[in-house]
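# Fold and contact review
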Amino acid sequence: QVQLVESGGGLVQAGGSLRLSCAASGSIFGINTMGWYRQAPGKQREFVAVITSVAANYADSVKGRFTISRDNAKNTVYLQMNSLKPEDTAVYYCKVVVQTTNFRYLEVWGQGTLVNVSS
């Protein structure tokens, strides 16, 4: 019904930058919130950033380094990651809350994209 496609992950040196993208498609009437989460091996999945029509919020660990944005015309959310640290290494997941054309709210997760920051 609704699909998310993530891209932009890869290997980068400490101090470098990456830009992640997540595009939503399907039976979408409107998008409520779009956000990013990450999970490292052996750790719980944690919140990174979220954006609504009102404001953006960030985890303390990424404030000042990461920027979340959205392109409503393309139903796409981005995560610009600067000054990357080895501690940022994780699989990054996009999460979108949409209202379908049947007026039902649906939470959808992307497939994940790996970010590997070398020291």
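A few points on the structure. (Residues numbered from 1 in each chain as written. Predicted model: local features only at pLDDT ≥ 70, side-chain atom pairs only at ≥ 80, totals over all residues. Heavy atoms only, no water.)

## Here we look at the nonpolar core
Core analysis: the largest hydrophobic core is formed by 31 residues, its most contacted members being Trp 36, Val 48, Phe 66, Val 77, Leu 79, Met 81 and Tyr 92. Of all the secondary-structure elements, those providing two or more residues to this core are β1 (2–7), β3 (18–26), β4 (28–39), β5 (46–51), β7 (66–71), β8 (76–81), β9 (90–100) and β11 (113–118). In terms of residue count, β9 provides more of this core than any other element does, 5 residues in total. In this view, Tyr 92 contacts Glu 6, Leu 20, Trp 36, Tyr 37, Arg 38, Val 48, Phe 66, Leu 79, Met 81, Gly 112, Thr 113 and Val 115; residues no more than four positions away in its chain are not counted. (Core = buried A, V, L, I, M, F, W, Y, C linked by side-chain atoms within 4.5 Å. Buried < 20%, exposed > 50% of the residue type's maximum accessible area, 1.4 Å probe, protein only. Helix = DSSP H or I, 4+ residues; strand = E, 2+ residues; numbered from the N terminus. Contact = heavy atoms within 4.5 Å.)

## Some points on the environment of Gly 112
On the secondary structure map, Gly 112 appears in the loop between β10 (105–109) and β11. Distance from Gly 112 to Asp 60, taken between C-alpha atoms, is 22 Å for residues 52 residues apart in sequence. For Gly 112, the contacting residues outside a window of four places in its chain are Glu 6, Val 91, Tyr 92 and Tyr 93.

## Observations regarding the pattern of salt bridges
Opposite charge on two side chains makes pairing possible when the charged atoms of those side chains draw close. This structure, assessed with the given rule, holds 5 salt bridges. The partner of Arg 38 in a salt bridge is Asp 88, and the shortest N-O contact between them spans 3.0 Å. Placement of the pair is Arg 38 in strand β4 and Asp 88 in the loop between β8 and β9, with a sequence separation of 50 residues. Sharing partners across several salt bridges, the network here consists of Arg 38, Glu 46, Arg 65 and Asp 88. (Salt bridge = Lys/Arg side-chain N within 4 Å of Asp/Glu carboxyl O.)

## Topic: the side chain of Arg 65
Mapping Arg 65 onto the fold places it in the loop between β6 (56–58) and β7. A distance of 2.9 Å separates a polar side-chain atom of Arg 65 from the backbone oxygen of Ser 61. Other than its neighbours up to four places away in sequence, Arg 65 contacts Gln 80, Met 81, Asn 82, Ser 83, Leu 84, Lys 85 and Asp 88. (Polar contact = N/O pair within 3.5 Å; in protein donor to acceptor, adjacent residues only side chain to side chain.)

## Here's the deal with the packing of aromatic side chains
Tallying each qualifying case throughout the model produces 3 aromatic pairs. Summarising the aromatic geometry, the rings of Tyr 37 and Phe 47 are spaced 5.7 Å apart at their centres and angled 75° between planes, so their arrangement reads as edge-to-face. You can see Tyr 37 sitting in strand β4 and its partner Phe 47 sitting in strand β5, a full 10 residues away along the chain. Residue class for Tyr 37 comes out buried when judged on its relative accessible area of 18%. Directly above the ring of Trp 109 sits Arg 45, whose terminal nitrogen or CZ lies 4.8 Å from the centroid. (Phe/Tyr/Trp six-rings, centres within 6.5 Å; stacked < 30°, edge-to-face > 60°. Lys NZ or Arg CZ within 6 Å of the ring centre and 35° of its normal.)

Distances and angles like these do not, on their own, reveal function.
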